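Below are the chains, spelled out letter by letter.
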Amino acid sequence: MAKAIKSIAVLTSGGDSPGMNAAIRAVVRTAVFYEKTVYGVRRGYDGLIEGDLEELNAKSVKNILNLGGTLLKSARSEEFRTEEGQQKAYDQLQKHGIDALVVIGGNGTFTGAHRFYERFDVPVIGIPGTIDNDLFGTDYTIGFDTATNTVVDCIDKIRDTASSHNRLFFVEVMGRDAGFIAMSTAVATGALDVILPEENKSYEDLFAEIERGASRRKTSNIVVVAEGNKLGDSFEIAQTVRERFPEIDTKVTILGHLQRGGAPSCFDRVMASKLGVAAVEGLLNGKEDVMAGIVDDELTYTFLQQAVKNKAQLDPELLRISKILAI
Ligand code: F6P
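Undergrad: Explanation requested: the sheet that holds strand S6 (residues 168–173) in the structure shown.
TA: As a general point, the strands of a sheet are linked pairwise by backbone hydrogen bonds and lie either parallel or antiparallel. Ordered by their spatial adjacency, four strands build an open sheet running S7-S8-S6-S9, and the pairing between neighbours is parallel. Edge positions in the sheet fall to strand S7 (193–195) and strand S9 (250–254), since each has one partner strand and no second. For this sheet, the mean angle separating the axes of adjacent strands, direction not counted, is 20 degrees. Of the pairings in the sheet, the one linking S7 to strand S8 (residues 221–226) comprises three bridges and is parallel in character. In the strand pairing of S8, Ile195 is matched with Val225. Along the sheet, helix H6 (residues 180–189) contacts S6, S7 and S8; its crossing angle with S8, the most-contacted strand, is approximately 165 degrees. Contacting S6, S7 and S8, helix H7 (residues 203–215) crosses the sheet at an angle of about 160 degrees to S7.

Following this line, the structure appears as structure tokens:
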């Protein structure tokens, strides 16, 4: 039977992503709609441990739907990894009479939430908020669409200068140990090649692609490099390529944290809104220890542990078509 829930707390944790604010707004307004008390916790689990929280209402979240970042701020909490830290967080929930927790974040956030649930039996539900798109149990995570559009915009601009100077650019994108951002943006920008953590690409493979580009007299070449790939960082890769092809003018651009900022896309706002509602309604219907996600346009709830452990898989079709289209 579903536990009686009168009061819910929401927090954002880990790397921020565009659309987190839209998710916070949806959680708060859905809780208010169902006449529940709702608290916003600042600075993720660190704020929970310290009791840095306040009661929110429908108006507290006005005009945030369109904003990047997170109104509640975020953190990667070391203390919450410890038993003492979790105990302090639980004590804060007890002190404020909070019955359930909505956590918006990625892998680390859900790993912590699952441990907390196992230990204290507090209903917890996750909303996938990360630009990396690396969670099992949802086709997209909140922020991925905005981040990839940002990357595409940047690479299009790099392409302008690359063709003016006949240069080869290595553009490094985020994703930690997952190549979703790299794979999609490589296809969307017509990159010559993409270097992914999920593949065992060798330098010989890369050299062959570069030779192919040169033999077709391409005026500009872009290689998208995912961080976490097995060849090395983009500077190392560019240096190795320079040694092999001294005649090619190579440059490196690391897009870095600009990929995490900016106003969320329509897609991310809609998804965040759907998942925020689904998280609160899920809790009220007895769902716990799960992540709300969308698979094939259907709302799904996946156990937090599975969302983290059952690695999301890159679409092999994207990899295949990127090779065909880069000729
Ligand atoms: O998980 C989101 C992410 O942006 C990754 O793509 C990246 O590896 C990491 O966070 C960077 O984290 P930080 O902002 O703590 O340097």
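Undergrad: When you look at the site of the ligand in this model, what are you seeing that I'm missing?
TA: Taken together, the neighbourhood of the ligand is formed by Arg76, Ile131, Asp132, Met174, Gly175, Arg176, Glu227, His257 and Arg260. Here Arg76 contributes a side-chain N or O atom positioned 2.9 Å from an oxygen atom of the ligand. Measuring from an oxygen atom of the ligand, one finds a side-chain N or O atom of Asp132 at 2.7 Å. Compared with its free state, where it exposes 400 Å², the ligand has 75% of that area covered by protein. In the shell around the ligand, the residues fall into two nonpolar, two polar and five charged. Counting contributing residues per domain, the shell around the ligand is built from domain 1 (7–143 + 264–309) and domain 2 (145–260), each supplying no fewer than three.

Undergrad: Any chance you could explain the domain arrangement of the protein here in plain terms?
TA: In many analyses, interface size is given as the accessible surface area lost on bringing the parts together. Looking at the assigned domains, one finds that the protein contains domain 1 (7–143 + 264–309) and domain 2 (145–260). On a C-alpha basis, the centroid separation for the pair domain 1 and domain 2 is 34 Å. Contacts between the two partners involve 14 residues from domain 1 and, on the opposite side, 12 residues from domain 2. Carbon and sulfur atoms supply 50% of the area buried between domain 1 and domain 2, which totals about 1100 Å² over both sides. Of all residues in domain 1, Asp16, Ile131 and Asp132 give up the largest surface area on contact with domain 2, accounting jointly for 43% of the area buried on that side. The tally of links from domain 1 across to domain 2 stands at one salt bridge. As a salt-bridge pair, Asp16 and Arg260 come within 2.7 Å of each other at their nearest N and O atoms. Summed over the shared surface of domain 1 and domain 2, the number is seven residue pairs in polar contact (both at pLDDT 80 or more).

Undergrad: Got a minute to help me understand the layout of surface pockets in this structure?
TA: Left-over empty space is what a probe sized like a water molecule reveals as it rolls over the atoms. Here the largest pocket defines a volume of roughly 660 Å³. If you go around the largest pocket, you meet 32 residues; those closest to its centre are Arg76, Asn107, Gly108, Thr109 and Arg176. When its residues are assigned to classes, the lining of the largest pocket shows six nonpolar, 16 polar and 10 charged. Residues from two domains meet in the lining of the largest pocket; each of domain 1 (7–143 + 264–309) and domain 2 (145–260) gives at least three. Approximately 340 Å³ is the volume attributed to the second largest pocket. Lining the second largest pocket are 18 residues, and of these Asn133, Asp139, Phe180, Gln313 and Asp315 sit closest to its centre. At three residues, H6 tops the list of elements feeding residues into the lining of the second largest pocket. For the lining of the second largest pocket, a count of residues per class yields 10 nonpolar, five polar and three charged.

Definitions and limits used
Residues numbered from 1 in each chain as written. Predicted model: local features only at pLDDT ≥ 70, side-chain atom pairs only at ≥ 80, totals over all residues. Heavy atoms only, no water. Pairing = 2+ DSSP bridges. Helix = DSSP H or I, 4+ residues; strand = E, 2+ residues; numbered from the N terminus. Axes fitted to C-alpha atoms, helices over the stretch in contact; angles between N-to-C directions. Contact = heavy atoms within 4.5 Å. Near = heavy atom within 4 Å. Polar contact = N/O pair within 3.5 Å; in protein donor to acceptor, adjacent residues only side chain to side chain. Areas by Shrake-Rupley, 256 points an atom, 1.4 Å probe, with all protein chains shown as cover. Nonpolar A, V, L, I, M, F, W, Y, C, P; charged D, E, K, R; others polar. Domains from an automatic or database assignment. Buried area = accessible area lost by both parts, 1.4 Å probe. Salt bridge = Lys/Arg side-chain N within 4 Å of Asp/Glu carboxyl O. 1 Å grid on protein atoms, 1.4 Å probe; cavity = no way out; pocket = protein on both sides within 12 Å on 5 of 7 lines; lining within 4 Å. Points joined across faces, edges and corners; volume = space filled by probe spheres on them.

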